[in-house]
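Structural features, examined
Below, each chain spelled out in residue letters.
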Amino acid sequence: MYQIPVADPQIGEEELSNVVEAVNSGWVSSKGAFIEEFEKKFASYTGVRRGITVSNGTVALHLALKALGIKRGDEVLVPALTFVAVANAVLYVGAKPVFVDSNADYWCLDPQIVEKKITKKTKALICVHLYGHPCDMDPLVKLAKAYNLHLIEDCAEAHGAEYKGKKVGGFGVISCFSFYGNKIITTGEGGICLTNDETLARAMIKLRDHGMNPEKRYWHDVVGYNYRMTNLQAALGVAQLKKLDLFIAIKRQNAKLYGSLLAGVSGLTLHPEMPWAKNVYWLYCILVDKRQLKIDRDALITKLSTYGIETRPFFYPINRMPPYRKYAANDNFSVAQKLSLTGINLPSSVKLTADEIYRVVDCLRP
Ligand SMILES: *Cc1c(COP(=O)(O)O)cnc(C)c1O
């Protein structure tokens, strides 16, 4: 066990009392008052009309692609540098993931490269607000309109982040969130799809419940799934949502402290925040230049761990791993590759104290 973890959920008395209430009510599966309350409140927090809770963030992406009719023969643009679930969801519907390199300034997928990768087969674009920083939405929305693509936002790492003053999750036709234990708020496992489109909302509600016709019990119109969230998870979610703005404020304050303490260290690139962005710093990140810092990324991770400090390396570019290589033949993802080799996620829990941040920073200084 590390003394200072990367992430640690903050679960208190309100969460416990909600879960106890859900258990005592007998509504322990996927019916119950907390589900509807959580869906309404989370959608309204994000500024979107409809919320459809699901069992995790990965199936949220699958459900979104399924509801949009993405299928075999279609291409879906995804970032090369992100969590693997994004590419997997595309493969679950039989479509082809087409990888897009990152922008060097803010690490999310680069809109200029997106445009170059669009073909006649391209049906959708999944943009991921990586490590808490929003994507550059104006050009992405414009491209989606111009080429008639479904824009899906993956907000699993960016609850409450903003682009030009508007919360992420409000730009895509569907946006997907995760409430896994290490995300900004958690329901244990869990996820949600948000949309302003009533037809898509109905399609997702049906697909997550075995494809059952809502007016005719045990009549199944389509082959669906059991992707429902439980009332126990939603009970946690309702209490966590009340604290989301507080968690974001703490994360931003911790990022500010990391930033000011590390600002003078040559060889470190700090977690960016573009002028148009409100970064929620899901995980506070740095990039390591081994020549200037005289220690490479992996050795630095080992050094920190000997001081009881947990960190994580950035994701591998998805296209580099065996099941996905064939979708990215001969392509060059130099920015994603460089980020992947040099990036570290530092301790970022909302429980992190200033003293602990000082300890981490002491280990990062040469
Ligand atoms: C965590 C995560 C997911 C998957 O969420 P789960 O709830 O773990 O299935 C999807 N996309 C991104 C970018 C994530 O970080």
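Now for a look at the structure at hand. Along every chain, residues carry numbers that run from 1 in the direction the sequence is written. Per-residue local features of the predicted model are confined to residues with pLDDT of at least 70, and side-chain atom pairs are confined, for both listing and counting, to 80 or more; whole-chain, interface and lining totals are unaffected and use all residues. Water and hydrogen atoms play no part in the side-chain values, which are based on all heavy atoms of the structure.

Once that is clear, we can look at the nonpolar core. By size, the foremost hydrophobic cluster in this structure holds 100 residues, and its most contacted members are Phe42, Leu65, Val76, Phe99, Val114, Ile126 and Tyr131. Per the convention used, a helix needs a DSSP run of H or I reaching at least four residues, while a strand needs a run of E reaching at least two, with both numbered from the N terminus. Tallying contributions element by element places helix H3 (residues 57-67) first for this core, with 7 residues. Once residues lying within four places of it in the same chain are set aside, the contact partners of Tyr131 are Trp107, Glu157, His271, Asn279, Tyr281, Trp282, Leu283, Cys285, Phe314, Phe315 and Asn345. Only buried Ala, Val, Leu, Ile, Met, Phe, Trp, Tyr and Cys residues count toward a nonpolar core, and they belong to the same one when joined by side-chain atoms within 4.5 Å. Burial here depends on accessible area, computed with a 1.4 Å probe over protein chains only, as a share of the maximum for the residue type. Under 20% is buried, over 50% is exposed, and the range in between is partly exposed. The next biggest cluster of nonpolar side chains, apart from the first, holds 24 residues, and it includes Val288, Leu300, Leu346 and Leu352. We call two residues in contact whenever any of their non-hydrogen atoms come within 4.5 Å of each other.

The strands making up a sheet associate through hydrogen bonds between their backbones, and the pairing can be parallel or antiparallel. Only strands that DSSP links by at least two bridges are regarded as paired with each other. Strand order in the open sheet formed by 7 strands is S1-S9-S8-S5-S4-S2-S3, and the pairing between neighbours is mixed. Both outer strands of the open sheet, strand S1 (50-54) and strand S3 (96-100), are each paired with one neighbouring strand and no more. Direction aside, the axes of adjacent strands within the sheet are offset by 25° on average. Relative to S3, strand S2 (residues 75-79) is paired through 5 bridges, and the arrangement is parallel. Looking at the pairing, Val76 lines up with Pro97 of S3. Helix-sheet contacts for helix H4 (residues 85-92) involve S2, S3, strand S4 (122-128) and strand S5 (150-154), and the interaxial angle to S3 is about 150°. A fitted line through C-alpha atoms serves as each axis, taken over the contacting stretch for helices, and the angle formed by two N-to-C directions is quoted from 0 to 180°.

The next subject is the sheet that holds strand S14 (residues 343-345). Pairing in this open sheet of 4 strands is antiparallel, and the strands run S10-S12-S14-S13 from one edge to the other. Because the sheet does not close on itself, it has two edges, and the strands there are strand S10 (268-270) and strand S13 (312-313).

Next up on the list: the packing of helix H1 (residues 13-25) against helix H8 (residues 231-242). Closest axis-to-axis distance for the H1/H8 pair is 8 Å, and the angle between their directions is 150°. Accordingly, the angle class assigned to the pair H1 and H8 is roughly antiparallel. The two elements H1 and H8 cross, and the hand of that crossing is right-handed. Residue-level contacts link Glu14, Glu15, Asn18, Val19, Ala22, Val23 and Ser25 of H1 to Asn231, Leu232, Ala235, Leu236, Val238, Ala239 and Gln240 of H8. Polar here means any residue other than Ala, Val, Leu, Ile, Met, Phe, Trp, Tyr, Cys and Pro, which are nonpolar, and Asp, Glu, Lys and Arg, which are charged; Gly is therefore polar. Of the residues contributing to the contact of H1 with H8, the split by class is 8 nonpolar, 4 polar and 2 charged. Orientation is classified from the angle alone, with under 35 degrees giving roughly parallel, over 145 giving roughly antiparallel, 65 to 115 giving roughly perpendicular, and any other angle giving oblique. In this scheme the crossing of two helices becomes right-handed for a clockwise turn of the near helix relative to the far one and left-handed for an anticlockwise turn of less than a right angle.

Moving on to the environment of Cys363. The residue Cys363 is located in helix H13 (residues 354-364) in this model. The buried category is assigned to Cys363, whose relative accessible area is 7%. With residues up to four places along the chain from it excluded, the contact list for Cys363 reads Leu300, Lys303, Leu304, Tyr307 and Ile309.

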